[in-house]
Amino acid sequence: MSSALKTADQTAAIDRFDLALSRLLSATAAGDTRAFRALYDAINRRLFNIALRIVGQPVIAEDVTQDTFVRVWSQAKQFDPAKGPAMAWISRIARNAAIDHVRRNRTQLEDIADHVDHIASLADPVIERLDMFSGFSKLADKQREVLTLALVYGYTHEELATVLCVPVGTAKARMRRGVQQLRVFFDQAVALSS
């Protein structure tokens, strides 16, 4: 199978997955508990991974994931597929729930200044930054694809390897090269704007 055909098949699979999530969200908004359960089954592991990256502890990440699904249930009517992919919308809810947890559970002795860089880097999803589109357009197709799957859809390295039909090490290497290329692009953009 040619690489272009494989990429087209993978893109179509991602589009079908997101269409299915959009439909499940619409049904959830109408109060369909079976659709909500199907939504949970489809993405709970991805949301757990998002939460775990932010809170750093599996038990807390489980609580944040549960809170995320409570928020999804109550906010499902607000989802608008015209504004973006369903997984990106749900991932944003998960990130916000995790960040809220971190902010709520700081001890009194901690100074917010100790966490500003970390929280600020999480506050705006990378894919929502307008200049990301310029950076993404500079990437090779393979790096763009793997970063989109990881950042927008929350795929783990193992899931990336499965979807892309490559070894886990190859998926990790593509991500690393993509991030390096983005860093170079943004470093040059900052240098030009200074």
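Report on the accompanying structure. Because the structure is a prediction, the values reported are computed rather than measured.

We now examine the packing of helix H2 (residues 33-55) against helix H4 (residues 86-104). Between H2 and H4, whose axes approach to 9 Å, the crossing angle comes to 40°. As far as their axial angle goes, H4 and H2 are oblique. In the packing of H2 onto H4, the handedness of the crossing is right-handed. Contacts between H2 and H4 involve Leu-39, Ile-43, Arg-46, Leu-47, Ile-50, Ala-51, Ile-54 and Val-55 from the former and Met-87, Ile-90, Ser-91, Ala-94, Arg-95, Ala-98, Ile-99, His-101 and Val-102 from the latter. Residue classes in the contact of H2 with H4 are distributed as 13 nonpolar, 2 polar and 2 charged.

The next subject is the packing of aromatic side chains. According to the stated counting rule, one finds 4 aromatic pairs in the structure shown. For the ring pair Phe-36 and Phe-69, a centre distance of 6.0 Å and an interplane angle of 80° mean the geometry is edge-to-face. Of this pair, Phe-36 sits in helix H2 while Phe-69 is found in helix H3 (residues 58-75), placing the two residues 33 residues apart along the sequence. Three or more aromatic residues link up through ring pairs in this structure, and these residues are Phe-36, Tyr-40, Phe-69 and Trp-73.

Relative to the helices and strands, Leu-151 is located in helix H7 (residues 141-151). Relative accessible area serves as the criterion here: at 39%, Leu-151 is assigned to the partly exposed category.

With respect to the helices and strands, Ala-42 occurs in helix H2. For Ala-42, a relative accessible area of 34% gives the class partly exposed. Among residues more than four places away in sequence, those in contact with Ala-42 are Phe-17 and Leu-21.

For the pair H3 and H4, interaxial distance at closest approach is 9 Å and the crossing angle is 130°. As the angle between them shows, H3 and H4 are arranged oblique. Note on packing geometry: the crossing formed by H3 with H4 is right-handed. Side by side, H3 and H4 meet where Ile-60, Val-64, Asp-67, Thr-68, Arg-71, Val-72 and Gln-75 of the first sit next to Trp-89, Ile-90, Ile-93, Ala-94, Asn-96, Ala-97, Ala-98, Asp-100 and His-101 of the second.

Criteria and cut-off values
- Residues numbered from 1 in each chain as written.
- Predicted model: local features only at pLDDT ≥ 70, side-chain atom pairs only at ≥ 80, totals over all residues.
- Heavy atoms only, no water.
- Axes fitted to C-alpha atoms, helices over the stretch in contact; angles between N-to-C directions.
- Helix = DSSP H or I, 4+ residues; strand = E, 2+ residues; numbered from the N terminus.
- Parallel < 35°, antiparallel > 145°, perpendicular 65-115°, else oblique.
- Left-handed = near helix turned anticlockwise from the far one by under 90°.
- Contact = heavy atoms within 4.5 Å.
- Nonpolar A, V, L, I, M, F, W, Y, C, P; charged D, E, K, R; others polar.
- Phe/Tyr/Trp six-rings, centres within 6.5 Å; stacked < 30°, edge-to-face > 60°.
- Buried < 20%, exposed > 50% of the residue type's maximum accessible area, 1.4 Å probe, protein only.

Don't take any of this as a statement about function, it's just geometry.
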